[in-house]
Amino acid sequence: MTKRPSKQQPAARTDTPPAHDTRPGMDLLALRAQLHRAEKAARKPPEPAPSTKKTTTPLKPQRAVDLDGVSTDEFSLGRAHLKLREAVYDARYHICPHAIQHARAEGFLEHDIMHVLLAGRVKAVYTQEHRWLVAGYFEAHGVKLPLHVVVQHYRDGHVDIVTAFVPKNPHHIISRARLALMLRYDDERIRTRTAQAGNKVGYRSKGKWKKSA
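These numbers were taken from a predicted model, which means no experiment stands behind them.

Rules used throughout
- Residues numbered from 1 in each chain as written.
- Predicted model: local features only at pLDDT ≥ 70, side-chain atom pairs only at ≥ 80, totals over all residues.
- Heavy atoms only, no water.
- Buried < 20%, exposed > 50% of the residue type's maximum accessible area, 1.4 Å probe, protein only.
- Helix = DSSP H or I, 4+ residues; strand = E, 2+ residues; numbered from the N terminus.
- Arc of directions from axis to C-beta.
- Pairing = 2+ DSSP bridges.
- Contact = heavy atoms within 4.5 Å.
- Axes fitted to C-alpha atoms, helices over the stretch in contact; angles between N-to-C directions.

Chemist: When you look at helix H4 (residues 97-106) in this model, what are you seeing that I'm missing?
Modeler: Residues His98, Ala99, His102 and Ala103 constitute the buried set of H4. All buried residues of H4 lie within an arc of 140° about the axis, which places them on one face of the element. Among the exposed residues of H4, those pointing more than 90 degrees away from its buried face are Arg104 and Ala105. Positive backbone phi, at 90°, marks Gly107, one or two positions downstream of H4.

If you want it as structure tokens, here you go:
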């Protein structure tokens, strides 16, 4: 018996075009979408940075009493510094002997004081005494040291450089009482006393100097 040859079924026709025909169109659409997203992101306002709240530690009761009558707000400090610079530039200042005495004792010069007045910053305003505390630095033998200058201002624009000193605590604002005490007992007059050879109360001697051991 002879087998009849089986008829092969024709391949099914597909109406979809080849893949290479749609690839350029898809790439163009993707590029347009990407550009649209980039333009949208560029028009979007930047997000604000998270605000960090500054926590200020409360002052101790004694420290609050010490700073009574001392202004440290930005408005008072900026106004004082502006007046100070104008007085220095117009040569309406006077260096008191008290400041010169400290300069000789602590190793800074007059131009160091002037540098602090121009390049430093007003750290405190003593409203009742009409004085400013100016903080800055000076250099001695390659070492940078802090320097505080106390200035008294007048209504006519003149200023007196009352004193200048190297502080023990550069970032500490001295109180009004401490400033008054420093100017009261550390004045410009050099007091001397001549010791006389003789008897002193409580000592038994014959009017001669006591020999040291």
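Next, the rest of the story.
Chemist: Sorry, what's going on with the sheet that holds strand E6 (residues 159-165) here?
Modeler: Pairing is mixed in the open sheet, where 6 strands are placed in the order E1-E3-E4-E5-E6-E2. With partners counted over all chains shown, the strands left at the sheet margins are strand E1 (70-71) and strand E2 (93-95), one partner each. Strand direction decides the pairing type here: strand E3 (residues 121-126) and strand E4 (residues 131-140), joined by 5 bridges, are antiparallel. For Ala124, the partnering residue across the bridge sits in E4 and is Leu133. Sheet strands touched by H4: E2 and E6. Its angle to E6, the strand with the most contacts, is close to 25°.

Chemist: Is there a simple way to explain the pairing of E6 in this structure?
Modeler: It is a general feature of regular strands that their side chains alternate between the two faces of the sheet. The element E6 is extensively covered by neighbouring structure, given that 7 of its 7 residues are classed as buried. Where strand E5 (residues 143-153) meets E6, 6 bridges bridge the pair, whose relative direction is antiparallel. Counterpart to His148 in the pairing with E6 is Phe165. Remark: 5 residues form the turn of the hairpin made by E5 and E6, two consecutive strands paired antiparallel; Gly157 in that turn has positive phi of roughly 100°.

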